[in-house]
Amino acid sequence: MIASLRSATLLGVEGRPVTVEVHVSVGLPAFTIVGLPDAACREARDRVRAAFVSSGLAWPARRVTVNLAPSSLRKAGAGLDLAIAVGLLVATGEVDPGVVRDCAFLGELGLDGSLRPVAGALALVDATQARAVVCPAPSVAEARLVPGRSVLGARSLAEVRAALTGREPWPEIGAPEPGPAAAGAAGPVPDLASVRGQEVARRALEVAAAGGHHVLLVGPPGAGKTMLARCLPGLLPALAAPDALEVARVRSAAGLALSPLGPTALPPFRAPHHSCSPVALVGGGSTQLRPGELSLASGGVLFLDELGEFPTRVIEMLRQPLEDGSVLVTRAGASARLPARVLLVAATNPCPCGEGSERGACRCSPAMRARYTRRISAPLLDRFDLLVRVDRPSLRDLLGGESAEPSRAVARRVAEARRRATARGVRANAELADDRLEELTPLAAGARSLLSARIAAGELSARGLGRVRRVARTIADLAGADEEVGAEHVALALELRAGRAVFLGERGE
Amino acid sequence: MSPPRPGAAGSRRARAVASRDLGRAGEDLAADWYAARGYALLDRNWRCALGEIDLVCSSGPVLVVCEVKSRSSDRFGVPAEAVGAAKQLRLRRLAARYVSERCIHPVRVRFDVASVLAGEVTVLTAAF
């Protein structure tokens with residue numbers, strides 16, 4: 001007899017519907033799975049059989065063929081185990097086919113018949129075209145984030161069978177206990193109030209958060225670059241519900257735990273180490289196309305500490321995704337579009353010894369310094385609207401009594417500035433189109449003369465001018481100036497680019 | 001072969017004898033099954049250098065090569081499961097040898113597996 005069930009497999013951060021067909025016929029006892037399963041999926045043979053026997057079910061000593069359709073799509077992982085097992089129950093007449101007609105099944109089976117959670121439950125449930133979805137108890141909370149589906153949870157194959165045959169009701173699955181693993185993946189966000197001194201860098205972070213401008217922090221070790229970057233998620237506006245769901249979907253597809261309280265409104269913060277491989281950063285892999293750090297940071301902050309230590313090949317990969325806000329990962333078998341809407345924050349030392357920004361302290365030869373700064377290419381450098389020099393805080397700042405402005409106060413100004421940007425039809429000022437700059441950033445007389453002096457001195461290119469104008473617009477928004485961009489705003493925008501000299505000076509441009 | 005010595009019921013030899021008797025009884029049951037359905041029994045335990053065919057029978061133009069598997073319990077799975085890929089390949093070669101040595105020209109060769117479990121015979125026709 002033949003049974004046909006609905007399930008789904010993961011590709012990138014999207015689910016793809018899969019139909020599991022199970023055929024049980026007379027013949028030598030055999031169990032074959034066809035339809036392009038990957039290694040983990042093919043091993044379902046042994047898991048399903050052991051789970052059957054452990055659950056006290058009779059294994060059909062007949063010829064069993066499982067087909068996973070569409071057969072051109074590579075099926076990854078063990079998430080189809082439950083659908084195959086239930087398909088066998090239907091094909092052997094144990095369960096009525098009518099019961100499973102409008103139901104999808106997701107879950108990995110243990111040898112003891114227990115149901116294990118699957119990665120990407122959120123996307124998988126979304127992809128199944130069924131009214132009801134049966135999934136492992138630990139995935140129920142995640143599956144319920146998808147609207148319009150009735151989610152049924154179970155802890156074992158025996159429970160699923162009892163419920164499908166009507167012997168017992170579906171078990172009640174409540175919200176999971178908040179475990180230590182799920183509580184805030186990035187840890188608590190530090191408060192800007194704990195950063196001493198660093199007036200310029202603080203302003204840079206505020207402008208970056210308000211305008212979505214990418215920031216490069218240049219300074220010696222111990223200046224507090226990492227600390228500053230870690231404060232950023234606390235300055236960004238809380239994620240709106242659809243964005244929070246998108247963040248949850250990517251985390252789920254990467255197999256990371258979600259907060260037990262549902263999608264979190266705190267923007268993500270990812271800080272991959274500089275030994276990160278290209279695929280780990282942008283996503284990929286041969287079968288499943290898993291999201292990388294870039295997608296995990298989407299909607300929040302991607303922090304690249306020690307930018308100069310990253311292999312050039314790795315960081316250059318960021319150029320196109322930063323422009324598009326997404327990355328299309330293509331392999332021989334499939335391609336997937338992964339989200340990549342990040343605020344990029346990078347930190348680097350000015351030279352190999354790290355002391356380059358303090359006069360006379362650097363021990364590096366000019367050739368060493370040139371080699372070091374050249375690792376960050378001009379096109380990548382161009383993506384940063386803000387290039388800020390961060391020096392070590394002075395003794396007076398470190399020991400001084402007065403505490404700086406807390407993140408909460410800054411976040412309020414940022415939210416206000418973002419509201420102004422939204423009124424212009426963009427998410428943040430960094431996205432303002434070139435042809436709208438003249439209309440949206442009218443320059444006051446002082447501002448105009450300041451800029452023309454810089455252009456005349458050859459310190460500002462046409463592209464640089466556009467960037468300065470966008471940043472100046474953000475600064476004016478933060479100051480509450482609706483109309484004209486004043487000279488003081490442009491002056492600050494220029495100051496927040498001063499770190500550029502560290503790189504361009506060495507190149508002799 | 002000598003009958004099992006008293007007190008050596010669990011010995012290797014005693015088990016081999018029990019197993020052979022079980023196999024022989026299974027083959028009898030399977031032969032009866034084919035006879036009851038009008039097949040002509042051509043050979044039992046036909047041997048050559050390649051091995052042995054348990055039962056060879058025919059029904060009109062079809063030559064049936066049958067492998068009989070007997071078990072006293074299904075503790076280690078049903079008997080038919082023991083006919084793996086290697087065994088299937090061996091039976092195909094044996095069938096070819098049988099056809100050429102006997103100079104018969106069947107229209108079709110069918111491979112059956114007779115699964116005998118605790119005295120109950122189940123024949124899987126055209127098993128592979």
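**Focus: the overall build of chain A**
Here comes step 1: A count of helical and extended segments in chain A gives 24 helices and 16 strands.
Here comes step 2: Projected onto the principal axes, the alpha-carbon positions of chain A cover approximately 90 × 50 × 45 Å.
Here comes step 3: Residues classed as buried in chain A amount to 52% of the 509 residues present.
Here comes step 4: Carbon and sulfur atoms make up 52% of the accessible area of chain A, which amounts to about 21600 Å² in all.
Here comes step 5: Across chain A, the centroid of the 61 positively charged side chains sits 4 Å from that of the 52 negatively charged ones.

**As for the interface of chain A and chain B**
Here comes step 1: Taken together, the contacts link six residues of chain A with nine residues of chain B.
Here comes step 2: When the two sides are added together, the surface that chain A and chain B hide from each other amounts to roughly 550 Å², 72% of it contributed by carbon and sulfur.
Here comes step 3: One can count one salt bridge joining chain A with chain B.
Here comes step 4: Its salt-bridge partner being B:Glu81, residue A:Arg49 comes within 3.0 Å of it at the nearest N-O pair.
Here comes step 5: Tallied by class, residues from the side of chain A that touches chain B come to four nonpolar, one polar and one charged.

**With respect to the side chain of B:Glu67**
Residue and element names in this part refer to chain B.
Here comes step 1: Mapped onto the fold, glutamate 67 is located in strand β3 (residues 62–71).
Here comes step 2: The class for glutamate 67 is buried, based on a relative accessible area of 4%.
Here comes step 3: Looking at glutamate 67, its side chain comes within polar contact range of the side chain of lysine 87, at 3.5 Å.

**With respect to the domain arrangement of chain A**
Residue and element names in this part refer to chain A.
Here comes step 1: For chain A, the domain assignment lists domain 1 (2–164) and domain 2 (192–506).
Here comes step 2: On a C-alpha basis, the centres of domain 1 and domain 2 stand 44 Å from each other.
Here comes step 3: At the junction of the two partners, domain 1 supplies 17 residues and domain 2 supplies 19 residues.
Here comes step 4: Summing the contributions of domain 1 and of domain 2, the shared interface buries around 1500 Å²; its carbon and sulfur component is 66%.
Here comes step 5: On the domain 1 side of the interface with domain 2, the three residues burying the most area are Leu11, Val13 and Leu145, jointly 37% of the side's total.
Here comes step 6: Seen at the junction of domain 1 and domain 2, the total is one salt bridge.
Here comes step 7: Ionic pairing is found between arginine 249 and aspartate 126, a salt bridge with its closest N-O pair at 2.8 Å.
Here comes step 8: Here domain 1 and domain 2 share five residue pairs in polar contact (both at pLDDT 80 or more) between them.
Here comes step 9: Put simply, the parts of the chain that give the side of domain 1 that touches domain 2 at least two residues each are β1 (2–11), β2 (14–25) and α5 (121–127).
Here comes step 10: For the side of domain 1 that touches domain 2, the element with the most residues is α5, which contributes four residues.

**What to know about the environment of A:Ala479**
All names here are of chain A.
Here comes step 1: With respect to the helices, strands and loops of the structure, alanine 479 is situated in the loop between α22 (462–478) and α23 (487–495).
Here comes step 2: You can call alanine 479 exposed: its relative accessible area is 55%.
Here comes step 3: Remark: the alpha-carbon pair of alanine 479 and arginine 412, spanning 67 residues in sequence, is separated by 12 Å.

**So, the confidence of the model for chain A**
Here comes step 1: Taken over all residues, the pLDDT of chain A has a mean of 87, while the share at 70 or more is 94%.
Here comes step 2: Confidence over residues 179–186 of chain A falls short of pLDDT 50; this stretch has six contacts with residues more than four positions distant or in other chains.

**What to know about the packing of helix α8 (residues 199–211) of chain A against helix α19 (residues 407–423) of chain A**
Helix-helix packing is characterised by the crossing angle of the two axes and by the distance between the axes.
All names here are of chain A.
Here comes step 1: Orientation of α8 relative to α19, taken along the N-to-C sense of each, is 35 degrees, at an axis distance of 8 Å. Once α8 is placed against α19, the crossing between them reads as right-handed. Touching Glu206, Ala209 and Ala210 of α8 are Val410, Arg413, Val414, Ala417 and Arg418, all from α19.
Here comes step 2: Looking at the contact of α8 with α19 residue by residue, the classes come out as five nonpolar, no polar and three charged.

**Looking at the nonpolar core**
All names here are of chain A.
Here comes step 1: If you look at the biggest cluster of nonpolar residues, it comprises 59 residues, and the most contacted ones within it are Leu216, Leu294, Leu302, Leu304, Leu307, Phe384 and Phe503.
Here comes step 2: With six residues, the single largest contributor to this core is α5.
Here comes step 3: In terms of domain composition, this core takes at least three residues from each of domain 1 (2–164) and domain 2 (192–506).
Here comes step 4: Leu236, Val301, Val414 and Ala476 belong to the second-largest nonpolar core, a separate cluster that totals 46 residues.

**With respect to the packing of helix α3 (residues 81–91) of chain A against helix α7 (residues 157–164) of chain A**
Residue and element names in this part refer to chain A.
Here comes step 1: At their nearest, the axes of α3 and α7 sit 11 Å apart, and the two run at 45 degrees to each other. It follows that α3 is oblique to α7 by the angle criterion. Handedness of the crossing formed by α3 with α7: right-handed. Taken together, the residues of α7 that come into contact with α3 (itself represented by Leu82, Ala85, Val86 and Leu89) are Leu157, Val160, Arg161 and Leu164.
Here comes step 2: Its residues assigned to classes, the contact of α3 with α7 shows seven nonpolar, no polar and one charged.

**Section: the sheet that holds strand β10 (residues 215–218) of chain A**
Residues and elements named next belong to chain A.
Here comes step 1: Spatially, β11-β12-β15-β10-β16 is the arrangement adopted by the five strands of the open sheet, whose pairing is parallel. Edge positions in the open sheet fall to β11 (269–270) and β16 (386–389), since each of these has one partner strand only.
Here comes step 2: With four bridges connecting them, β10 and β16 associate as parallel partners. Counterpart to leucine 217 in the pairing with β16 is valine 388.

**Some thoughts on the packing of aromatic side chains**
Here comes step 1: Evaluated as defined, the whole model comprises seven aromatic pairs over all chains.
Here comes step 2: Ring geometry for B:Tyr34 against B:Tyr39: centres 5.0 Å apart, planes inclined by 85 degrees, an arrangement best described as edge-to-face.
Here comes step 3: You can call B:Tyr39 buried: its relative accessible area is 18%.
Here comes step 4: Taken together, the ring pairs connect A:Phe31, A:Phe52 and A:Trp59 into an aromatic cluster.
Here comes step 5: Directly above the ring of B:Phe111 sits B:Arg92, whose terminal nitrogen or CZ lies 5.4 Å from the centroid.

**Quick notes on unusual backbone geometry**
Here comes step 1: The omega torsion of the bond from A:Ala69 to A:Pro70 falls at 0 degrees, within 30 degrees of zero and hence cis.
Here comes step 2: Mapped onto the elements of the fold, A:Pro70 is located in the loop between β4 (63–69) and α3.
Here comes step 3: In this structure, B:Cys103 takes a positive phi of about 50 degrees despite not being glycine.

**A few points about the pattern of salt bridges**
Residues and elements named next belong to chain A.
Here comes step 1: Following the criterion strictly, the structure yields 32 salt bridges over all chains and no others.
Here comes step 2: As a salt-bridge pair, glutamate 438 and arginine 469 come within 3.0 Å of each other at their nearest N and O atoms. One end of the pair, glutamate 438, is in helix α20 (residues 437–440); the other, arginine 469, is in helix α22, and 31 residues separate them in sequence.
Here comes step 3: For arginine 469, a relative accessible area of 9% corresponds to the buried category.
Here comes step 4: Through salt bridges with shared partners, a single ionic network connects Arg203, Glu206, Glu405 and Arg413.

Cut-off values and rules
Residues numbered from 1 in each chain as written. Chains lettered and ligands numbered in written order. Predicted model: local features only at pLDDT ≥ 70, side-chain atom pairs only at ≥ 80, totals over all residues. Heavy atoms only, no water. Helix = DSSP H or I, 4+ residues; strand = E, 2+ residues; numbered from the N terminus. Buried < 20%, exposed > 50% of the residue type's maximum accessible area, 1.4 Å probe, protein only. Areas by Shrake-Rupley, 256 points an atom, 1.4 Å probe, with all protein chains shown as cover. Lys, Arg positive; Asp, Glu negative; His and termini not counted. Charge placed at Lys NZ, Arg CZ, Asp CG, Glu CD. Contact = heavy atoms within 4.5 Å. Buried area = accessible area lost by both parts, 1.4 Å probe. Salt bridge = Lys/Arg side-chain N within 4 Å of Asp/Glu carboxyl O. Nonpolar A, V, L, I, M, F, W, Y, C, P; charged D, E, K, R; others polar. Polar contact = N/O pair within 3.5 Å; in protein donor to acceptor, adjacent residues only side chain to side chain. Domains from an automatic or database assignment. pLDDT = per-residue confidence, 0-100. Axes fitted to C-alpha atoms, helices over the stretch in contact; angles between N-to-C directions. Left-handed = near helix turned anticlockwise from the far one by under 90°. Core = buried A, V, L, I, M, F, W, Y, C linked by side-chain atoms within 4.5 Å. Parallel < 35°, antiparallel > 145°, perpendicular 65-115°, else oblique. Pairing = 2+ DSSP bridges. Phe/Tyr/Trp six-rings, centres within 6.5 Å; stacked < 30°, edge-to-face > 60°. Lys NZ or Arg CZ within 6 Å of the ring centre and 35° of its normal.

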